[in-house]
Amino acid sequence: MEVSFLRFSSVLFAIILITTWVWRVVNWVWLRPKRLEKCLRKQGLKGNSYRFLFGDLKESISMYKEARSKPINLSDDITTRVFPFVLQTVQKYGKDSFMWIGPNPRVNITNPEHLKDIFNKIGDFPKPHNNPLVELLATGLASYEGEKWAKHRKIINPAFHVEKLKHMLPAFYLSCNEMLKKWESFLNNEGSCEIDVWPYLQNMTGDVISRTAFGSSYEEGRRIFQLQREQAELAIKAIQTVYVPGWRFAPTTLNKRMKEVDHEVQGLLKDIIHKREKAMRAGEAPNDDLLGILMESNFKEIQEHGNNKNMGISIRDVIEECKLFYFAGQETTSVLLVWTMVLLSRYPDWQARAREEVLQVFGYNNPDFDGLGHLKIVTMILYEVLRFYPPVILLTRTVQKQTQLGNLSLPPGVQISLPVILVHRDTNLWGEDAKEFKPERFAEGVSKATKGQVSFFPFGWGPRICIGQNFAMIEAKMALALILQRFTFELSPSYAHAPCTVITLQPQYGAHITLHKR
């Protein structure tokens, strides 16, 4: 009797367990998405009807692959190539529309007042939890929320103070000068050459991060950069699939390679950090690079709270911040510079005006910190490039509880899409010339150009604005000033215009440019 009862209990428990699991799966792939769709449509939002499990992913990926299959004309709107499905959704259903990322609806938000609320109310609109495989690329400050974000921001802030950035200027100069010497070595007897500047700009900005973050040369960090670039490519593949909970443990080729890359990057960074800790204990470590400043700031935070290590950040956290330095620091500036060279090649009058300003401020002397602050035309150009070619074309947020946004009442489970590239090119916000390259729109600064609205956010906006914004802008000004001092440049006949997203907005076929020695 007792055995039968136990057997019955086991069977009953198994039935309950299976029923619960089936219910959760059915709710995840069908019932919950349909409830959310009904709620969104009731509020006037439009989009495709939910399709089982994949939503709009298959169509989105298909359109993206088709768009990437061939270059476009220089005069074409790049949005059709880098953002085809989102653009189609907005054109078909209007700005207040939604799309499906698997079983999750994602609402497009382009209204400046709504954008302002989202950026300011970071507690109501946190960043979504990424596919765990994608997080292998980098987490760090950019991904954290709440108290952890606040603690990391406080500890990292000193590394990006203006006075600290001034001390990094020699590293900016050294790295850029080495790149330009290589370019000069390629010049023919007429003082010209054609090169793909993209890999050189990537290497140069990588060199800058290695020097400023770790006090080492690019050669020491070369392997980390190679691995991080590969990880970015793999992360894109991971993003383009519906993530099933637990799938990261499956022994697929993609999963295994992403974990191998992460393991190697962690090991390389751990070695650098342990060497620095050892040097710090011996009183021999530099404290003027990003890692030194970060570790010193962390040590002070721990001391201020009675040597409570819980008040600081762990070695694992330091590694994640280093991965973020490597990826975000290098990528943002390299893509800004490559598109600046492409656009100044296309608009030689602006190239000439920028060069005239650089020579007026510096002559042929090395650029200094104060002088970089006086480059008004160069700054206008860089802002317009960031408007035209934002490094990240889309930001996302999530809703975790019923939340009011303007006249919308968003239920938990909805994602929010902030399509940077669409807002930056919106004629209602920027005027009829929004799709034209016109740096003069920034002649009186960003606030005047945007009429005080949140319509320009290449580095994000609000409390979570990119902590490395000034670092990237100073590095870009230094590099552009040195390039303009030494060369005039134009697009090569072999240049193929093909912007594409590999996390950041990059030239798919490189940037073939003809340089002429001045």
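Everything here concerns the structure above.
Residues numbered from 1 in each chain as written. Predicted model: local features only at pLDDT ≥ 70, side-chain atom pairs only at ≥ 80, totals over all residues. Heavy atoms only, no water.

Caption draft 1: Representation of a nonpolar patch on the surface. A cluster of nonpolar residues, Ile18, Trp21, Val22, Val25, Val26, Trp30 and Phe52, forms a patch on the protein surface that exposes about 680 Å² of accessible area. Within the secondary structure, Val25 sits in helix α1 (residues 2-42). (Patch = residues over 30% accessible without salt bridge, like charges linked within 9 Å, V, L, I, M, F, W, Y side chains within 5 Å. Areas by Shrake-Rupley, 256 points an atom, 1.4 Å probe, with all protein chains shown as cover. Salt bridge = Lys/Arg side-chain N within 4 Å of Asp/Glu carboxyl O. Helix = DSSP H or I, 4+ residues; strand = E, 2+ residues; numbered from the N terminus.)

Caption draft 2: Expanded view of the nonpolar core. In this structure, Ile109, Trp183, Val197, Trp339, Met341, Phe471 and Leu515 are the most contacted members of the largest nonpolar core, which totals 137 residues. Take this core: its biggest share by element is 15 residues, from helix α13 (residues 315-346). One finds Val134, Leu136, Ala235 and Ala238 within the second-largest nonpolar core, a separate group that totals seven residues. (Core = buried A, V, L, I, M, F, W, Y, C linked by side-chain atoms within 4.5 Å. Buried < 20%, exposed > 50% of the residue type's maximum accessible area, 1.4 Å probe, protein only.)

Caption draft 3: Quick peek at the environment of Met473. Of note, Met473 is situated in helix α20 (residues 469-486). Met473 sits 137 residues away from Leu336 along the chain, and the two C-alpha atoms are 9.1 Å apart. If we ignore the near neighbours within four places in the chain, the residues touching Met473 are Leu336, Leu382, Tyr383, Leu386 and Phe459. (Contact = heavy atoms within 4.5 Å.)

Caption draft 4: Main features of the pattern of salt bridges. Under the defined criterion, the tally for this structure stands at 27 salt bridges. Between Glu260 and Arg257 there is a salt bridge, and its shortest N-O distance comes to 3.2 Å. With Glu260 and Arg257 both in helix α11 (residues 253-281) and three residues apart, the pair spans about one turn of that helix. Of the residues examined, Glu260 reaches a relative accessible area of 44% and is grouped as partly exposed. Its relative accessible area of 24% is what places Arg257 among the partly exposed residues. As a salt-bridge pair, Glu384 and Arg441 come within 3.1 Å of each other at their nearest N and O atoms. Pair noted here: Glu384 is in helix α16 (residues 376-388) and Arg441 is in the loop between α18 (427-430) and α19 (446-449), with a separation of 57 residues, a long-range link. Like Glu384, the residue Arg441 is buried in the burial classification. The structure contains a network of salt bridges with shared partners spanning Glu384, Arg387, Asp433, Lys438 and Arg441.

It is worth stressing that arrangement in space is one thing and function is another; only the former is reported here.
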